[in-house]
Amino acid sequence: MPFQGLFKWLMGFFRGRKAFSLGIYGNVNTGKSTLANRVSMDWTGEAMSKVSEIPHETREVIKKERVSIKVDGKELTINLLDMPGIATKVDYHEFVDYGMSKGDAQQRAKEATKGIIEAIKWLEHVDIALVVMDACLDPYTQVNITILGNLEARNIPVIIVANKIDKKSAKPERIRAAFPQHSVVEISALKGDNVNKLYEEIVKRAR
Amino acid sequence: MAIQFEFISSDTVMGKSSEEKINIIMKSVRKDKILVLEEPLTPAEEKLLIMKTMTAITRDFPGIEVCSLGNTVDDLKSRVIKFLGGKTSGLTVVGPSNLVHQVKRDPNKLRFVAGK
Ligand SMILES: Nc1nc2c(ncn2[C@@H]2O[C@H](COP(=O)(O)OP(=O)(O)OP(=O)(O)O)[C@@H](O)[C@H]2O)c(=O)[nH]1
Ligand SMILES: [Mg+2]
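Residues numbered from 1 in each chain as written. Chains lettered and ligands numbered in written order. Predicted model: local features only at pLDDT ≥ 70, side-chain atom pairs only at ≥ 80, totals over all residues. Heavy atoms only, no water.

K.L.:
Would you mind going over the coordination of the magnesium ion (ligand 2) in detail, with residue names and values included?
P.N.:
Residues and elements named next belong to chain A. Only S33 (OG) and T58 (OG1) from the protein reach the magnesium ion (ligand 2) as donors, at distances of 2.0 to 2.1 Å. Of this pair, S33 sits in helix α2 (residues 32-44) while T58 sits in the loop between α2 and β2 (62-71), and the two are 25 residues apart along the sequence. Across this residue pair, the class does not change: S33 and T58 are buried. (Donors = N, O, S within 2.8 Å, 3.2 Å for Na, K, Ca; no water. Helix = DSSP H or I, 4+ residues; strand = E, 2+ residues; numbered from the N terminus. Buried < 20%, exposed > 50% of the residue type's maximum accessible area, 1.4 Å probe, protein only.)

Structure follows, in structure tokens:
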């Protein structure tokens, strides 16, 4: 198929000039922003996102452009996209339980719903997706399945990140068992354990 | 309070666009019904359902719980099967989250806790 070859070459040519966009997806609170900060810190020396134990901390897509990652002499330039955590419900009462005023909680809920829509709209425009899961929790959530299903349907390369492995109750093997068709990298975004393995996987996949 | 279930057969949604299907679901969920769809939603439809839900959320309606089982990949094979009038296996359950508190699943089983 000569045309396919030409097409691939052209794509490669344009890719060479354009940075890859890497979307960080997942359920709420899984550590996406902690990971985004870790990657950003490692390669640019600056953090990019706010982290909180209160769910829906990220309520708009946070971008860090042209981050250069080097692995084994190979360099890859990516646009990092820290996505709002995706959920099928947003209950403001949950924020009140964290000590927020009713007004603030309702405002946060409103922003969270907008952020979720924005994150979903981006799904088909990323070049690679990291799907971050909290290794202490049941990985078989509808949000994970919906995110993965949409990425698979569009042939977007996926790396599953089993995060929070520094915690005693972490069971990353559950994630591997739930999604055997994908590669899973076990990390602690907080402590930095195993993130080098993740960089290797990203560079491997970005071609 | 009594919990109402509604069963939507494949025939009911046959020939309907994704948009129309999601509207049917949202209408029932807003009436505090738990829906069981014989034909599971595709990932693209699930995505649409979440977006529609986000625009519908208010103080009194915090969102939904949804669970799809089985063949949800909208691949060519399942599209051909559907086109020929056949059914792909699986199902989707959707309910308002203030009624359906928890959905637990594993590859072939689904369990949910409902009540007010
Ligand atoms: N123990 C441990 N805690 C972590 C790790 N990564 C994140 N956390 C904690 O998990 C909580 C949520 O972290 P975030 O990075 O804000 O999570 P997020 O996925 O961006 O959350 P949203 O933006 O709200 O969806 C914070 O309290 C983090 O400190 C980890 O590797 N280990
Ligand atoms: Mg975040």
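Once you've had a look at it, read on.
K.L.:
If you had to explain the pattern of salt bridges to someone new, which residues and values would you point to?
P.N.:
Residue and element names in this part refer to chain A. Counted under the stated rule, the structure contains 15 salt bridges over all chains. Between K50 and E57 there is a salt bridge whose closest N-O contact spans 3.5 Å. The class of E57 is buried, set by a relative accessible area of 18%. Counted as one network, the salt bridges with shared partners bring together K50, E57 and R108. (Salt bridge = Lys/Arg side-chain N within 4 Å of Asp/Glu carboxyl O.)

K.L.:
Please set out the packing of helix α2 (residues 18-30) of chain B against helix α3 (residues 43-56) of chain B residue by residue, giving values where relevant.
P.N.:
All names here are of chain B. Running from amino to carboxyl end, α2 crosses α3 at an angle of 45°, the nearest separation of the two axes being 10 Å. It follows from the interaxial angle that α2 and α3 lie oblique. Every pair of crossing elements has a handedness; the one defined by α2 and α3 is right-handed. Residue-level inspection shows S18, E19, K21, I22, N23, I25, M26 and R30 of α2 in contact with α3, the latter providing E45, L48, L49, K52, T53 and A56. For the contact of α2 with α3, the residue count by class is six nonpolar, three polar and five charged. (Axes fitted to C-alpha atoms, helices over the stretch in contact; angles between N-to-C directions. Parallel < 35°, antiparallel > 145°, perpendicular 65-115°, else oblique. Left-handed = near helix turned anticlockwise from the far one by under 90°. Contact = heavy atoms within 4.5 Å. Nonpolar A, V, L, I, M, F, W, Y, C, P; charged D, E, K, R; others polar.)

K.L.:
Quick one: what's the story with the environment of A:H93, residue by residue and with numbers?
P.N.:
Residue and element names in this part refer to chain A. Here H93 is to be found in helix α3 (residues 92-96). A sequence separation of 16 residues divides H93 from A109, and the C-alpha atoms of the two residues are 9.2 Å apart. Here Y92 takes part through its side chain, which lies 3.4 Å from a polar atom of the side chain of H93. (Polar contact = N/O pair within 3.5 Å; in protein donor to acceptor, adjacent residues only side chain to side chain.)

K.L.:
Please give an account of helix α5 (residues 142-153) of chain A that cites residues and values.
P.N.:
Residues and elements named next belong to chain A. The first and last C-alpha atoms of α5 sit 16 Å apart over twelve residues, in line with the 16 Å expected at 1.5 Å per residue. By the criterion of burial, α5 is predominantly enclosed, with ten of the twelve residues buried. Positive backbone phi, approximately 55°, marks N155, located one or two places after α5. (Expected span 1.5 Å × (residues − 1).)

K.L.:
Lay out the sheet that holds strand β6 (residues 183-186) of chain A with the relevant residues and their values.
P.N.:
All names here are of chain A. What the six strands build is an open sheet, ordered β2-β3-β1-β4-β5-β6; its pairing is mixed. Each of the sheet's edge strands pairs with one partner strand only, and the pair in question is β2 and β6. Between one strand axis and the next, the sheet turns through 30° on average, direction left out of account. In the sheet, strand β4 (residues 128-134) pairs with strand β5 (residues 158-163) via six bridges, with the strands oriented parallel. By the bridge assignment for β5, M133 is matched with A162. Along the sheet face, α2 touches β1 (20-26), β2, β3 (74-82), β4 and β5 and points at about 55° away from the line of β2. (Pairing = 2+ DSSP bridges.)

K.L.:
Kindly report on the packing of α5(A) against α3(B), identifying the contributing residues and their values.
P.N.:
Two measures define how a pair of helices packs: the angle their axes make with one another and the distance between the axes. Look at α5(A) against α3(B): their axes get within 8 Å of each other, and the N-to-C directions meet at 125°. By the criterion of interaxial angle, the relationship of α5(A) to α3(B) is oblique. Taken as a pair, α5(A) and α3(B) cross one another with a handedness that is left-handed. Facing A:Q142, A:T146, A:G149 and A:N150 of α5(A), the residues of α3(B) in contact are B:P43, B:A44, B:E46, B:K47 and B:I50. Residue composition of the contact of α5(A) with α3(B), grouped by class: three nonpolar, four polar and two charged.

K.L.:
I'd like to hear about the site of ligand 1, residue by residue, with values.
P.N.:
Residues and elements named next belong to chain A. The environment of ligand 1 is formed by 22 residues, the closest being K32, T34, E57, T58 and D166. The separation between an oxygen atom of ligand 1 and a polar main-chain atom of G85 is 3.4 Å. At a separation of 3.3 Å, an oxygen atom of ligand 1 approaches a polar side-chain atom of S188. Relative to its unbound accessible surface of 650 Å², ligand 1 loses 90% to contact with the protein. Counting residues per element, the shell around ligand 1 draws most heavily on α2, which supplies three residues. Along the lines of polarity and charge, the residues of the shell around ligand 1 split into five nonpolar, eleven polar and six charged. (Near = heavy atom within 4 Å. Areas by Shrake-Rupley, 256 points an atom, 1.4 Å probe, with all protein chains shown as cover.)

Spatial relationships are all this shows, so hold off on functional conclusions.
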